[in-house]
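Results of the structural survey
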Amino acid sequence: MKMNKLKKFLAVTSALLICSGTMAYMPQDTFTNANINTAYAAEESVAINKTNFPDYIFRQYVTDEFDTDGDGVLSVTEIEAVKKIELKNKSISDLTGIEYFTALTGLNCYENQLTTLDISNNTALISLDCGNNQLAALDVSNNTALTELYCDDNQLTSLDVSNNTALTELYCDDNQLTSLDVSNNTALTTLSCCYNEIISLDVSKNIELINLYCVWNHLTTLDLSSNTALNYLYCHSNQISALDVSKNVKLETLRCNSNQLTTLDISKNTALEWLECFNNQLTALDVSKNTALTELYCENNKLTSLDVSKNTALTKLFCNSNQLTALDVSKNTALTKLYCNSNQLTSLDVSKNTALTKLYCKNNKLTSLDVSNNTELTKLYCSNNTYKISLTDGKFDLSTLPAGFDIAKAFEWTNGTVESNILTFDDDTMPVFYAYDSGNDKTAFFRLVTEN
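Assigned secondary structure in the chain consists of four helices and 24 strands. Computed over C-alpha atoms, the radius of gyration of the chain comes to 35 Å, more than 25% over the 22 Å expected from 2.2 N^0.38 for 452 residues, which places it beyond the range of a compact globule. With respect to the three principal axes, the spread of C-alpha positions in the chain is 125 × 45 × 35 Å. Counting across all 452 residues of the chain, residues that qualify as buried make up 44%. Long-range contacts, defined as pairs at least 24 residues apart, comprise 18% of the intrachain contacts of the chain with a sequence gap of at least 6. Of the accessible surface of the chain, which amounts to about 21600 Å², a share of 48% is contributed by carbon and sulfur atoms. Charge-centre separation for the chain: the mean point of 31 positive side chains lies 3 Å from the mean point of 54 negative side chains.

The structure is reproduced here in structure tokens:
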């Protein structure tokens, strides 16, 4: 007997029993709440059972959250009342049954064990977070109302969002995408497609983009000339050899580190507050127009000079692993962290940087360091500073060392003896080591080696 006929039969039988007065003689459990509901429920009603909701955890969630009358069945009214489903980190492996919630506008199934997800019936969805699962495919072609899509950290090899023209936020990081077409998604304000294998990305039509994150791909070019609304750009860890941000005058954060840039013009980006351009091949960097900068990370390039005199708002400066021979930070009184190690500095004046808490200046050519004014300093790394000198008859005049050296502050000479300002080497094939009182209870160590 088909279901509709069965429902009618039960309904008629129930009515006859009640009318004939025989209902009282029926066994008490013959008509449970669920059975009564089945007798008169509309076809859209859904029994909460293993067939309709195979995953026990999801089935229990549906029972606890949406079966308001406790009859074991979702009525049309109960189904239509479901607007949001929150299933984050529930160890769910199957979301079969989600298709019944056609009024659903928000679904969060982040960090579960899903291998498939069918949301073709959930056409009212506005926000979907299915990240951190094991999805190999995701069809969102029917979900044209979507404005937020988070499908990061899955196993997607392709993603078609051409029908999702309402999208404003798309996060598809940590997948296996080799291409991504967002040309139809002109409302996008945030795009994050990091940690894929994308080799090209055209965002020329996405003129509303405010945030673009496309790191750890295989991008070789990135045209941002149309994206004048950009505030945040993260394109690091690619293979980009040239980057034009002259039209992106609203940029506040730029992270283009770990590419193959040889030049970077940021003269138009006067709103820039955070710049990361480390691990490139830059030979010059002009930050004179970027007076709003608070953090600058330009380490591991080929810079021979760096003028930060106009960047008075700087709190963090990382310029280590370059070829700097001088560094003037006297105007950067807000600095709390300075990393200038692994350069060719022969002197360093931090007397004006009284807010410093960390100073890394090791692996330079320093012969002295004064941190007596840096009372907030908690970490000082000033080792492996080596300065080359020329000897005359095995002797060297210490008064010719770079400005700042005070012989009265040097002690514990090794492989040499000092008398007045004259240093005599014990063995001129070996370095001379000495400790130096840098003030503020800090001691630095330096060494002198002969050029012979």
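Next comes the rest of the account.
Attention now moves to the confidence of the model for the chain. Averaged over all residues, the pLDDT of the chain equals 91, while 90% of them reach at least 70. Throughout residues 1–43 the model reports pLDDT below 50, and contacts reaching past four residues in sequence, or to other chains, amount to 22 contacts.

A separate point is the layout of surface pockets. Left-over empty space is what a probe sized like a water molecule reveals as it rolls over the atoms. Put simply, the largest pocket is a space of about 250 Å³. Along the lines of polarity and charge, the residues of the lining of the largest pocket split into seven nonpolar, 10 polar and four charged.

Phe101 and Leu212 are the most contacted members of the largest nonpolar core, which has 113 residues in total. Every element with two or more residues in this core is listed here: helix 3 (56–66), strand 18 (385–389), strand 22 (422–425), strand 23 (432–439) and strand 24 (442–450). Sorting elements by how many residues they give to this core places helix 3 first, with four residues. Excluding anything up to four places from it in sequence, Leu212 contacts Leu191, Leu201, Val203, Leu222, Leu224, Leu230, Tyr232, Leu233 and Tyr234. Tyr297, Phe318, Tyr339 and Tyr360 belong to the second largest nonpolar core, which has five residues in total.

Attention shifts here to unusual backbone geometry. A positive phi angle, close to 60°, is found at Asp153, a residue other than glycine. With respect to the helices and strands, the residue Asp153 is situated in the loop between strand 6 (148–150) and strand 7 (169–171). Classification of Asp153 as partly exposed rests on a relative accessible area of 34%. Phi is positive for Asp393, close to 55°, though the residue is something other than glycine. Relative to the helices and strands, Asp393 resides in the loop between strand 18 and strand 19 (395–397).

Turning to its location among the elements, Ser342 is positioned in the loop between strand 15 (337–339) and strand 16 (358–360). Separated by 296 residues in sequence, Ser342 and Val46 have C-alpha atoms that sit 69 Å apart. If we ignore the near neighbours within four places in the chain, the residues touching Ser342 are Asn320, Ser321, Asn322, Lys362, Asn363 and Asn364.

What the three strands build is an open sheet, ordered 19-22-21; its pairing is antiparallel. In the strand order of this sheet, the two ends are held by strand 19 and strand 21 (416–419), each with one partner. On average, each strand axis in the sheet is tilted by 25° relative to the strand beside it, whichever way the strands run. The pairing of strand 19 with strand 22 spans three bridges and is antiparallel. The residue of strand 22 that forms the bridge with Phe396 is Leu423.

What follows is about helix 3. If you check which residues of helix 3 are buried, you get Phe58, Arg59, Tyr61, Val62 and Phe66. Down the axis, helix 3 shows its buried residues gathered within 160° of arc, on one side only. Of the exposed residues in helix 3, those oriented more than 90 degrees away from the buried face are Tyr56 and Asp64. On its buried face, helix 3 sits against strand 2 (73–74), helix 4 (76–80) and strand 3 (84–86). The backbone nitrogen of Ile57 has a side-chain oxygen 3.0 Å away, supplied by the residue at the start of helix 3, namely Asp55.

Evaluated as defined, the whole model comprises 18 aromatic pairs. Their ring planes at 10° and their centres at 4.8 Å tell us that Tyr150 and Tyr171 sit as a pair that is stacked. In this pair, Tyr150 is assigned in strand 6 and Tyr171 in strand 7, connecting sequence segments 21 residues apart. Three or more aromatic residues joined by ring pairs form one cluster here, namely Phe53, Phe58, Tyr61, Phe66, Tyr100 and Phe101. Over the ring of Trp274 we find Arg255; its NZ or CZ atom is 4.6 Å from the centre of that ring.

Using the criterion set out here, one finds two salt bridges in the structure. With a shortest N-O distance of 3.3 Å, Glu276 and Arg255 are connected by a salt bridge. Of this pair, Glu276 sits in strand 12 (residues 274–276) while Arg255 is found in strand 11 (residues 253–255), placing the two residues 21 residues apart along the sequence. No difference in accessibility class separates Glu276 from Arg255, as the two residues are buried. Taking the shortest distance from any N to any O, the salt bridge between Lys316 and Glu295 comes out at 4.0 Å. Of this pair, Lys316 sits in strand 14 (residues 316–318) while Glu295 sits in strand 13 (residues 295–297), placing them 21 residues apart in sequence.

Quick notes on the rules
Residues numbered from 1 in each chain as written. Predicted model: local features only at pLDDT ≥ 70, side-chain atom pairs only at ≥ 80, totals over all residues. Heavy atoms only, no water. Helix = DSSP H or I, 4+ residues; strand = E, 2+ residues; numbered from the N terminus. Rg over C-alpha atoms; globule rule 2.2 N^0.38 Å. Buried < 20%, exposed > 50% of the residue type's maximum accessible area, 1.4 Å probe, protein only. Contact = heavy atoms within 4.5 Å. Areas by Shrake-Rupley, 256 points an atom, 1.4 Å probe, with all protein chains shown as cover. Lys, Arg positive; Asp, Glu negative; His and termini not counted. Charge placed at Lys NZ, Arg CZ, Asp CG, Glu CD. pLDDT = per-residue confidence, 0-100. 1 Å grid on protein atoms, 1.4 Å probe; cavity = no way out; pocket = protein on both sides within 12 Å on 5 of 7 lines; lining within 4 Å. Points joined across faces, edges and corners; volume = space filled by probe spheres on them. Nonpolar A, V, L, I, M, F, W, Y, C, P; charged D, E, K, R; others polar. Core = buried A, V, L, I, M, F, W, Y, C linked by side-chain atoms within 4.5 Å. Pairing = 2+ DSSP bridges. Axes fitted to C-alpha atoms, helices over the stretch in contact; angles between N-to-C directions. Arc of directions from axis to C-beta. Polar contact = N/O pair within 3.5 Å; in protein donor to acceptor, adjacent residues only side chain to side chain. Phe/Tyr/Trp six-rings, centres within 6.5 Å; stacked < 30°, edge-to-face > 60°. Lys NZ or Arg CZ within 6 Å of the ring centre and 35° of its normal. Salt bridge = Lys/Arg side-chain N within 4 Å of Asp/Glu carboxyl O.

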